[in-house]
Amino acid sequence: HKHLLGIESLRPDEITTLLDLADQYVDLNRRDVKHSDALAGLTQINMFFENSTRTQASFELAGKRLGADVMNMAMQASSIKKGETLIDTAMTLNAMHPDLLVVRHPHSGAVDLLAQKVNCAVLNAGDGRHEHPTQALLDALTIRRAKGRLHRLNIAICGDIAHSRVARSNIILLGKMENRIRLIGPPTLMPSEISAFGVEVYEDMEQGLKDVDVVMMLRLQKERMDGGFIPSEREYYHRYGLDADKLAHAKDDAIVMHPGPMNRGVEIDGEIADDINRSVIQEQVEMGVAVRMAAMDLLAQNLRANPTVEV
Ligand code: CP
């Protein structure tokens, strides 16, 4: 592949190859000296048109640990504010010959569009409610390491599915790897295209969580609710917030995940989030660096093997 735009275009064996390489980078990142030269001589530009803590920091660290020249565009201070379009901004940066462009954008499809206009490899760091491929890959690596496999697991994805690119990428990835997926949440927060996903849908947390191996919680993404129905946080926590009582319905060794940023006391109880016997939230962050190293390494290998490939 020239780009990493979504999980949709990846085959199961390609997902496995990427996760295997990421496992090696987990080992590298735990050493005293965390350095490789897989991206030496290459230039990586990070363009985040939407806020980020984890994705931005981990892509930056990943590039630096692999020896790339990494530049973070401060989009708030860029000429986007003067009316320049996304494509003109991208073409301007493209003229500076980057090799890897990491892009987050509030509009679904914006990153795919941009990838058609530039010569370098583009990695989607989250576009609207469409896809967040590296998040799904880091979640997959976390699950595989915790459970020893990434197939035939019962996985619950809970909360605001409708507005979540994380849920969408995870549903696609975990489905490709032949897991049983349950979506749990209020009907108002379920996507309309749900029948296309091949998943089970529950309105009730206790029923939905029964005997699952993995519980994946999601934030209420109010920034994407466009004036539609927004549930009250208290009522939402009561019905859908993950607490000890609700978690007791899952398997005894079920792991608890959250992509972050977390809203404690809204979708998850703070004590559950911090319980190192159940929560793998910090491991997810650690896997995020390794997965992004693996993704950029594989794209760079492709760039080097096919230097004249057209977009
Ligand atoms: N999970 C995730 O994408 O977090 P950030 O928005 O902080 O990057």
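Looking at an unreviewed UniProt entry, the protein carries the name Aspartate carbamoyltransferase, with the source organism given as Shimia litoralis. Quoted verbatim from the Pathway (unreviewed entry) field of the UniProt record, the comment on the protein reads "Pyrimidine metabolism; UMP biosynthesis via de novo pathway; (S)-dihydroorotate from bicarbonate: step 2/3." In UniProt, the protein has this text filed under Subunit (unreviewed entry): "Heterododecamer (2C3:3R2) of six catalytic PyrB chains organized as two trimers (C3), and six regulatory PyrI chains organized as three dimers (R2)."

A. Summary view of the pairing of strand β1 (residues 43-48). For β1, a buried count of five out of six residues is recorded, marking the element as mostly surrounded by other parts of the structure. With five bridges connecting them, β1 and strand β2 (residues 69-73) associate as parallel partners. Along β2, the bridge assignment pairs T43 with D69. Where the polypeptide runs from β1 across helix α2 (residues 54-65) and back to β2, its parallel neighbour, the crossover connection is right-handed. The pairing of β1 with strand β3 (residues 100-105) spans five bridges and is parallel. If you follow M47 over to β3, its bridge partner there is V103.

B. Representation of the site of the ligand. Contacts to the ligand come from S52, T53, R54, T55, R104, H132, Q135, P259 and G260. Contacts to the ligand include Q135, whose side-chain N or O atom sits 3.0 Å from a nitrogen atom. For the ligand, whose free accessible area comes to 260 Å², the fraction covered by protein is 92%.

Reading the values: rules and limits
- Residues numbered from 1 in each chain as written.
- Predicted model: local features only at pLDDT ≥ 70, side-chain atom pairs only at ≥ 80, totals over all residues.
- Heavy atoms only, no water.
- UniProt positions renumbered as here; feature names shortened; annotations may be inferred.
- Buried < 20%, exposed > 50% of the residue type's maximum accessible area, 1.4 Å probe, protein only.
- Helix = DSSP H or I, 4+ residues; strand = E, 2+ residues; numbered from the N terminus.
- Pairing = 2+ DSSP bridges.
- Right-handed = clockwise from strand over helix to strand, strands pointing away.
- Near = heavy atom within 4 Å.
- Polar contact = N/O pair within 3.5 Å; in protein donor to acceptor, adjacent residues only side chain to side chain.
- Areas by Shrake-Rupley, 256 points an atom, 1.4 Å probe, with all protein chains shown as cover.

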